[in-house]
Amino acid sequence: EEAPLLLPFGEWVLSRLEHAKEQALHGLENFELNVTAQTLYDFVWHEVCDWGIELTKLEVRQGRTESLYVLHAVLEEALKLLHPVIPHVTEQLWQ
């Protein structure tokens, strides 16, 4: 059985996540916590919240729920990436 095709939102947000992940990990490797924190802040606030959640709401209203799974995966990965920066907050959210 073939995997379902991602809607344009899914492809876009996963590509943005990968870009943010690369920058955040680069910041951690170079002990530039400010770079990691700013990268993840920009990704979560300006891409996931401003666009991701809003586009997901539109798709769900049209009966397409695939984007909910993508959004869940993106938020889960964002929590993992944020853990070195704000461990107490991410621990509470994870539980």
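Remember, it's a predicted structure, so these values are computed and weren't measured experimentally.

**Some points on the environment of Glu-32**
Working step 1: Within the secondary structure, Glu-32 sits in the loop between helix H1 (8–29) and helix H2 (33–61).
Working step 2: Glu-32 sits 25 residues away from Leu-7 along the chain, and the two C-alpha atoms are 35 Å apart.

**Considerations on the nonpolar core**
Working step 1: In terms of nonpolar packing, the biggest core is built from 13 residues, with Phe-43 and Val-74 touching the most fellow members.
Working step 2: If you list the elements that add at least two residues to this core, you get H1, H2 and helix H3 (66–82).
Working step 3: Non-local contacts of Phe-43, meaning those with residues more than four positions away in its chain, are made with Val-13, Arg-16, Leu-17, Ala-20, Val-48 and Val-74.

**Notes on the environment of Trp-12**
Working step 1: Here Trp-12 lies in helix H1.
Working step 2: When sequence neighbours within four positions are dropped, the list of residues in contact with Trp-12 reads Glu-47 and Trp-51.

**Concerning H3**
Working step 1: Taking 1.5 Å of rise per residue, 17 residues should cover 24 Å, and H3 covers 25 Å from first to last C-alpha, within 8% of that figure.
Working step 2: When we look at burial in H3, the residues that qualify are Ser-67, Val-70, Leu-71, Val-74, Glu-77, Ala-78, Leu-79, Leu-81 and Leu-82.
Working step 3: Where the residues of H3 are buried, they touch H1, H2 and helix H4 (87–94).

Rules of the game
Residues numbered from 1 in each chain as written. Predicted model: local features only at pLDDT ≥ 70, side-chain atom pairs only at ≥ 80, totals over all residues. Heavy atoms only, no water. Helix = DSSP H or I, 4+ residues; strand = E, 2+ residues; numbered from the N terminus. Core = buried A, V, L, I, M, F, W, Y, C linked by side-chain atoms within 4.5 Å. Buried < 20%, exposed > 50% of the residue type's maximum accessible area, 1.4 Å probe, protein only. Contact = heavy atoms within 4.5 Å. Expected span 1.5 Å × (residues − 1).

Note that every value here comes from positions in space, so none of it alone points to a role or purpose.
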